[in-house]
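# Structural description and commentary
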Amino acid sequence: KEAETQAKLANVVVLATGGTIAGAGASAANSATYQAAKVGIEQLIAGIPELSTLANVRGEQVMQIASESITNENLLQLGRRVSELADSKDVDGIVITHGTDTLEETAYFLNLVEKTDKPIIVVGSMRPGTAMSADGMLNLYNAVAVASSKEARGKGVLVTLNDEIQSGRDVSKMINIKTEAFKSAWGPLGMVVEGKSYWFRLPAKRHTMDSEFDIKNIKSLPDVEIAYSYGNVSDTAYKALAQSGAKAIIHAGTGNGSVSSRVVPTLQALRKDGVQIIRSSHVNAGGFVLRNAEQPDDKYDWVVAHDLNPQKARILAMVALTKTNDSKELQRMFWEY
Ligand SMILES: NC(=O)CC[C@H](N)C(=O)O
């Protein structure tokens with residue numbers, strides 16, 4: 001009987017990378033003061049016996065770190081493991097437990113480079129498992145539920161926190177402390193409640209199976225850096241980043257990716273030296289940067305990141321630069337992904 005149920009259930013692999021979902025604090029009152037990346041994946045899975053009603057779940061500890069420390073090498077390592085598992089006949093869905101600080105970057109990266117229609121769900125939590133009202137258990141339960149469902153196939157990399165199913169492309173950490181931390185300017189794709197998914201919309205941008213990028217062809221990622229803009233900004237950071245070897249600089253601009261008149265000549269000169277200049281916006285609820293609005297991008301040969309925030313623009317720029325250094329091609333990719 002048990003073998004029969006097992007045969008019917010989907011096989012889901014949970015790849016653990018660390019973060020608060022694997023965090024531990026000194027007391028149950030410590031919802032904000034704790035250490036991330038402390039608890040191993042076996043213990044996390046064992047803590048949720050209800051998972052066995054959703055899927056045959058097994059865990060793998062890929063790394064154990066706080067996500068602000070994730071490197072490009074870590075991203076590639078994780079991406080390659082996801083790809084191997086997605087190619088395996090014995091795997092129906094993949095869940096990645098992740099710190100929330102750069103979760104949106106990893107989710108977008110996988111969304112661009114994994115050639116599979118199997119569900120890939122990235123999940124984190126805002127409180128460690130040792131805290132009162134910890135959110136990690138339910139978030140992970142929901143992630144496994146979505147990963148084991150047929151309806152989640154072909155929808156790109158997804159993120160489950162706070163009962164919502166978000167597109168890994170669109171979602172961003174908008175606030176810390178609150179469990180309602182992850183939002184998308186364009187809204188969630190669905191909800192997951194008591195292990196059942198309810199879908200409302202689909203991503204419109206190219207991803208996974210429909211992407212021209214493939215983790216199998218990416219040996220390394222180029223250096224792409226971000227410079228933040230504000231009143232009285234100088235060009236020091238831009239120059240330093242270019243000097244340190246950045247192939248592209250994401251301008252984390254004010255408003256519509258606007259560029260201070262003090263910085264414009266420097267960015268023009270850097271572009272002439274071969275550095276790609278990509279205008280993004282750091283406005284809180286999500287930017288919307290258009291070509292030749294605010295700045296003459298055609299004339300300067302700059303690229304706009306459109307609605308991608310600076311950290312997501314960095315991910316796409318790195319992946320895109322593995323294929324082309326043509327600014328027109330880069331701009332096409334920024335519209336399509
Ligand atoms: N809520 C979190 O996961 C934040 C913990 C840690 N800074 C990380 O991103 O891994």
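Just so it is clear, the structure is predicted and the values come from calculations on it, not from any experiment. (Residues numbered from 1 in each chain as written. Predicted model: local features only at pLDDT ≥ 70, side-chain atom pairs only at ≥ 80, totals over all residues. Heavy atoms only, no water.)

Looking now at the packing of aromatic side chains. If you walk through the whole model with that rule in mind, you get 3 aromatic pairs. Ring plane angle 45° and centroid distance 5.0 Å describe the contact between F213 and Y337, whose orientation is recorded as tilted. With a gap of 124 residues between them, F213 in the loop between β10 (196-199) and β11 (224-228) and Y337 in the segment after α11 (327-336) connect regions that are remote in the sequence. Using a relative accessible area of 1% as the deciding quantity, one classes F213 as buried. With a centroid separation of 4.6 Å and an interplanar angle of 55°, the aromatic rings of Y300 and W302 are classed as tilted. Taken individually, Y300 and W302 each receive the classification buried, so the pair is uniform in this respect. Here the guanidinium or amino end of K155 rests over the ring plane of W199, the centre of that ring lying 4.6 Å away. (Phe/Tyr/Trp six-rings, centres within 6.5 Å; stacked < 30°, edge-to-face > 60°. Helix = DSSP H or I, 4+ residues; strand = E, 2+ residues; numbered from the N terminus. Buried < 20%, exposed > 50% of the residue type's maximum accessible area, 1.4 Å probe, protein only. Lys NZ or Arg CZ within 6 Å of the ring centre and 35° of its normal.)

Within the fold, S229 resides in the loop between β11 and α7 (236-243). Excluding anything up to four places from it in sequence, S229 contacts Y238, H251, A252, G253, T254 and H282. (Contact = heavy atoms within 4.5 Å.)

Reported here for the largest pocket is a volume of approximately 450 Å³. Lining the largest pocket we find 25 residues, and of these S172, M174, V283, N284 and N309 sit closest to its centre. Counting only elements with at least two residues in the lining of the largest pocket, the list comes to β7 (172-173), β11 and α10 (310-321). Here the lining of the largest pocket gets 3 residues from one element, more than from any other, and that element is α10. Along the lines of polarity and charge, the residues of the lining of the largest pocket split into 10 nonpolar, 9 polar and 6 charged. (1 Å grid on protein atoms, 1.4 Å probe; cavity = no way out; pocket = protein on both sides within 12 Å on 5 of 7 lines; lining within 4 Å. Points joined across faces, edges and corners; volume = space filled by probe spheres on them. Nonpolar A, V, L, I, M, F, W, Y, C, P; charged D, E, K, R; others polar.)

Attention now goes to the UniProt feature "domain: L-asparaginase N-terminal" (unreviewed entry) in the chain. In this numbering, the UniProt entry assigns the feature "domain: L-asparaginase N-terminal" (unreviewed entry) to residues 11-199. As a span, residues 11-199 carries 26% helix and 25% strand, and end to end its C-alpha atoms are 22 Å apart. (UniProt positions renumbered as here; feature names shortened; annotations may be inferred.)

A word on the UniProt feature "domain: Asparaginase/glutaminase C-terminal" (unreviewed entry) in the chain. Here the UniProt-annotated "domain: Asparaginase/glutaminase C-terminal" (unreviewed entry) positions come out as residues 223-334. Segment residues 223-334 splits into 37% helix and 17% strand. End C-alpha atoms: 18 Å apart.

Close to the ligand lie G19, T20, Y34, A66, S67, E68, G99, T100, D101 and S125. In this structure, a nitrogen atom belonging to the ligand sits 2.8 Å away from a side-chain N or O atom of E68. Contact distances for the ligand include 2.7 Å between a nitrogen atom and a side-chain N or O atom of D101. Bound to the protein, the ligand loses 91% of the 290 Å² it would expose on its own. When grouped by side-chain class, the residues that make up the shell around the ligand number 2 nonpolar, 6 polar and 2 charged. (Near = heavy atom within 4 Å. Polar contact = N/O pair within 3.5 Å; in protein donor to acceptor, adjacent residues only side chain to side chain. Areas by Shrake-Rupley, 256 points an atom, 1.4 Å probe, with all protein chains shown as cover.)

Now for a nonpolar patch on the surface. On the surface, W186, F288, L290 and W335 cluster together into a nonpolar patch covering about 400 Å² of accessible area. Positionally, F288 belongs in the loop between β13 (276-281) and α9 (297-300). According to the relative accessible area criterion, F288 is partly exposed, its value standing at 43%. (Patch = residues over 30% accessible without salt bridge, like charges linked within 9 Å, V, L, I, M, F, W, Y side chains within 5 Å. Salt bridge = Lys/Arg side-chain N within 4 Å of Asp/Glu carboxyl O.)

Below, the discussion takes up the sheet that holds strand β12 (residues 248-253). Across the sheet, 4 strands lie side by side as β11-β12-β13-β14; this open sheet has parallel pairing. Of all the strands in the sheet, just β11 and β14 (303-304) have a single pairing partner and so form its edges. The sheet contact formed by β11 and β12 spans 5 bridges and is parallel. Note on β12: the bridge partner recorded for E225 is I249. Packed onto the sheet, α10 meets β11, β12 and β13 and runs at close to 155° relative to β11. (Pairing = 2+ DSSP bridges. Axes fitted to C-alpha atoms, helices over the stretch in contact; angles between N-to-C directions.)

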